[in-house]
Amino acid sequence: MTETDTQPDPWTGGPAVILVRPQMGENIGAAARAMFNFGLTELRLTAPRDGWPNEAALAMAAGAEDVARAAEVFDDLPGAIADLSYVVATTARGRDMAKPVFSPSDAARELRRRHASGEKVGMLFGAERSGLSNDDVALADAVVTIPANPAYSSLNLGQAVLLLSYEWMRSGAAPELPQTGRGEAAPAIKAELVGLFEHLEEALVRSGFLGIKEKRPAMVRNLRAMLGRAELTDQEVRTLRGIIVSLERYGKPPETEGK
Ligand code: SAH
């Protein structure tokens with residue numbers, strides 16, 4: 001590491017990069033290297049196929065070994081994004097979901113704007129073979145598609161991470177953008193949002209609205225997309241959960257009413 005000893009302080013921080021069920025260690029290492037080239041240091045993995053730590057990943061990471069070594073491993077995506085308030089899902093395929101679709105540079109600008117105002121943000125990348133599932137994408141706030149040859153639009157995982165990391169670096173050169181008009185309220189983190197989703201979905205199963213089992217996954221994704229678009233604050237999540245509780249009480253005998 002003598003080479004880095006004489007170099008300027010590294011750029012660190014930025015959005016978390018979350019590799020969802022990655023398969024090849026080489027691609028995880030390539031992702032770590034691409035991240036560190038452009039000043040990103042927070043790598044998260046969900047259920048890496050070949051386990052973790054992974055020798056092939058460390059070898060491929062080369063000078064960014066520290067980023068690879070520090071990768072945090074989670075069982076699933078909700079766990080991996082629990083502390084974040086805004087995430088984008090990268091996908092080559094158009095998804096029929098009511099979410100904004102950004103170019104890499106627009107996504108980087110939006111991530112930069114939120115990061116600058118103190119939000120914890122992240123970028124999701126799918127597995128080599130299958131990409132992100134619809135349920136993964138449903139948890140994201142926006143979709144990012146790298147424009148590419150329509151006959152062959154799927155980039156290598158590490159190269160997709162490279163491109164988004166590069167755009168992140170470039171977005172730092174842009175002038176400050178105006179804030180959203182949310183005032184002082186903090187946007188909900190994903191753990192709060194998933195808590196709300198699950199609370200609502202359980203209540204809707206009980207009420208019969210989600211009674212038809214076969215229709216449930218698609219309806220749940222639509223509901224999650226709808227609520228995700230609202231960019232709820234943590235206070236709004238608490239209010240909605242209070243509303244669900246009060247509606248569930250409604251119609252029950254008076255002694256079960258809140259006092
Ligand atoms: N076979 C998968 C693609 C996997 S490529 C599929 O059909 O979806 C691995 C990952 O790299 C993808 O899940 C995505 O996160 C990213 N990626 C690859 N090409 C991309 C593109 N054109 N735009 C955005 N992300 C892309």
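The notes below deal with the structure included here. (Residues numbered from 1 in each chain as written. Predicted model: local features only at pLDDT ≥ 70, side-chain atom pairs only at ≥ 80, totals over all residues. Heavy atoms only, no water.)

## Here's the deal with unusual backbone geometry
With an omega of 0 degrees, the peptide bond between Trp52 and Pro53 qualifies as cis. Considering the arrangement of structural elements, one finds Pro53 in the loop between strand 2 (43-46) and helix 3 (55-61). (Helix = DSSP H or I, 4+ residues; strand = E, 2+ residues; numbered from the N terminus.)

## Some details on the packing of helix 6 (residues 104-116) against helix 8 (residues 157-171)
Closest axis-to-axis distance for the helix 6/helix 8 pair is 8 Å, and the angle between their directions is 55 degrees. Taken together, the axis directions place helix 6 and helix 8 in an arrangement best described as oblique. The handedness of the crossing between helix 6 and helix 8 comes out as right-handed. Residues Pro104, Ser105, Ala108, Arg109, Leu111, Arg112 and His115 of helix 6 pack against Leu163, Leu164, Glu167, Trp168, Met169 and Ser171 of helix 8. Along the lines of polarity and charge, the residues of the contact of helix 6 with helix 8 split into seven nonpolar, three polar and three charged. (Axes fitted to C-alpha atoms, helices over the stretch in contact; angles between N-to-C directions. Parallel < 35°, antiparallel > 145°, perpendicular 65-115°, else oblique. Left-handed = near helix turned anticlockwise from the far one by under 90°. Contact = heavy atoms within 4.5 Å. Nonpolar A, V, L, I, M, F, W, Y, C, P; charged D, E, K, R; others polar.)

## Here's the deal with the packing of aromatic side chains
Aromatic rings in a pair are described by how distant their centres are and how their planes are angled relative to each other. Within the structure shown, the criterion is met by one aromatic pair. Aromatic side chains Phe38 and Tyr166 sit 5.5 Å apart centroid to centroid with 75 degrees between the ring planes, which places their arrangement in the edge-to-face category. Taken together, the positions of Phe38 in the loop between helix 2 (25-37) and strand 2 and Tyr166 in helix 8 put the pair 128 residues apart, joining distant regions of the chain. Under the relative-accessibility criterion, Phe38 is labelled buried at 17%. One residue, Arg112, lies across the ring of Trp168, its end atom 3.7 Å from the ring centre. (Phe/Tyr/Trp six-rings, centres within 6.5 Å; stacked < 30°, edge-to-face > 60°. Buried < 20%, exposed > 50% of the residue type's maximum accessible area, 1.4 Å probe, protein only. Lys NZ or Arg CZ within 6 Å of the ring centre and 35° of its normal.)

## As for the pattern of salt bridges
Within this structure, the stated rule accounts for 16 salt bridges. A salt bridge links Glu42 to Arg44; the shortest N-O distance between them is 2.4 Å. For Arg44, a relative accessible area of 2% gives the class buried. Note that Lys120 and Asp83 form a salt bridge whose closest N and O atoms lie 2.8 Å from each other. Taken together, the residues Lys120 in the loop between helix 6 and strand 6 (121-125) and Asp83 in the loop between helix 5 (77-80) and strand 4 (86-90) connect sequence positions 37 residues apart. A relative accessible area of 28% means that Asp83 is categorised as partly exposed. Each of Glu110, Arg113, Arg114, Glu119 and Glu231 takes part in a single network of salt bridges with overlapping partners. (Salt bridge = Lys/Arg side-chain N within 4 Å of Asp/Glu carboxyl O.)

## Details of the side chain of Ser165
Counting through the fold element by element, Ser165 comes out in helix 8. Residue Ser165 is classed as buried on the basis of its relative accessible area, which comes to 0%.

## What to know about the side chain of Arg44
Position of Arg44 among the secondary structure elements: in strand 2. Side-chain polar atoms of Arg44 contact the side chain of Asp83, separated by 2.8 Å. In this view, Arg44 contacts Ala16, Val17, Ile18, Leu19, Glu72, Phe74, Ala80, Ile81, Asp83, Leu84 and Lys120; residues no more than four positions away in its chain are not counted. (Polar contact = N/O pair within 3.5 Å; in protein donor to acceptor, adjacent residues only side chain to side chain.)

## Structural notes on the site of the ligand
Close to the ligand lie 20 residues, the nearest being Thr90, Gly126, Ile146, Ser153 and Leu155. Contact with the protein chains covers 91% of the free accessible surface of the ligand, which is 550 Å². (Near = heavy atom within 4 Å. Areas by Shrake-Rupley, 256 points an atom, 1.4 Å probe, with all protein chains shown as cover.)

## Let's talk about the pairing of strand 2
Side chains Leu43 and Leu45 of strand 2 all project onto a buried face; the interleaved residues Arg44 and Thr46 project onto the opposite face, where all are buried too. Pairing of strand 1 (residues 16-20) with strand 2 involves four bridges; the strand directions are parallel. Each residue of the ladder has a partner; that of Ile18, found in strand 2, is Arg44. Following the chain from strand 1 across helix 2 to the adjacent parallel strand 2, one finds a crossover that is right-handed. (Pairing = 2+ DSSP bridges. Right-handed = clockwise from strand over helix to strand, strands pointing away.)

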